[in-house]
Amino acid sequence: MRDIQNRADLEVLLHSFYKKLLQDPAIDYIFVTVAQLDREKHLPLIVNFWEQNLFHSGNYKNNVLQIHVDLNQKIKLS
């Protein structure tokens, strides 16, 4: 396994991560029922977030902290 080098690597990693996450009944309900995550819309955003943070490129503009604060208002995250 090699290090993540670019956006394409992030896309593969995050697609695999969310595929496994959404099969886990201990946590999938947070994404499916509470957050009502649309994976097709969410994946490009989360790839943008990680691309910006890892490679200092990309165009992520959302307030990631506020997004999770808002989610925590719906269901206590721990």
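Above this note sits the structure.
Residues numbered from 1 in each chain as written. Predicted model: local features only at pLDDT ≥ 70, side-chain atom pairs only at ≥ 80, totals over all residues. Heavy atoms only, no water.

(A) Looking closely at the nonpolar core. Ranked by internal contacts, the top residues of the largest apolar core, which has 14 residues, are Leu14, Tyr18, Ile30, Phe31, Leu43 and Ile46. For this core, the secondary structure elements donating two or more residues are helix H1 (7-21), helix H2 (28-34) and helix H3 (39-55). Aside from chain neighbours lying at most four places away, what touches Phe31 is Tyr18, Leu21, Leu22, Gln36 and Leu37. (Core = buried A, V, L, I, M, F, W, Y, C linked by side-chain atoms within 4.5 Å. Buried < 20%, exposed > 50% of the residue type's maximum accessible area, 1.4 Å probe, protein only. Helix = DSSP H or I, 4+ residues; strand = E, 2+ residues; numbered from the N terminus. Contact = heavy atoms within 4.5 Å.)

(B) Up close: the side chain of Asp9. Tracing the backbone through its elements, the reader meets Asp9 in helix H1. A polar side-chain atom of Asp9 sits 2.8 Å from the main-chain amide nitrogen of Gln5. When near neighbours in sequence (up to four residues on either side) are disregarded, Asp9 contacts Arg2, Asp3 and Ile4. (Polar contact = N/O pair within 3.5 Å; in protein donor to acceptor, adjacent residues only side chain to side chain.)

(C) Up close: the pattern of salt bridges. Going through the model one piece at a time under the given rule, you end up with three salt bridges. Between Asp9 and Arg2 there is a salt bridge, with its nearest N and O atoms 2.8 Å apart. For Asp9, a relative accessible area of 15% corresponds to the buried category. With a closest N to O distance of 3.3 Å, Arg7 and Glu11 form a salt bridge. With a gap of four residues between them, Arg7 and Glu11 both fall in helix H1, about one helical turn apart. Using a relative accessible area of 25% as the deciding quantity, one classes Arg7 as partly exposed. The class of Glu11 is partly exposed, set by a relative accessible area of 39%. Three or more residues joined by partner-sharing salt bridges are found here, namely Arg7, Glu11 and Glu51. (Salt bridge = Lys/Arg side-chain N within 4 Å of Asp/Glu carboxyl O.)

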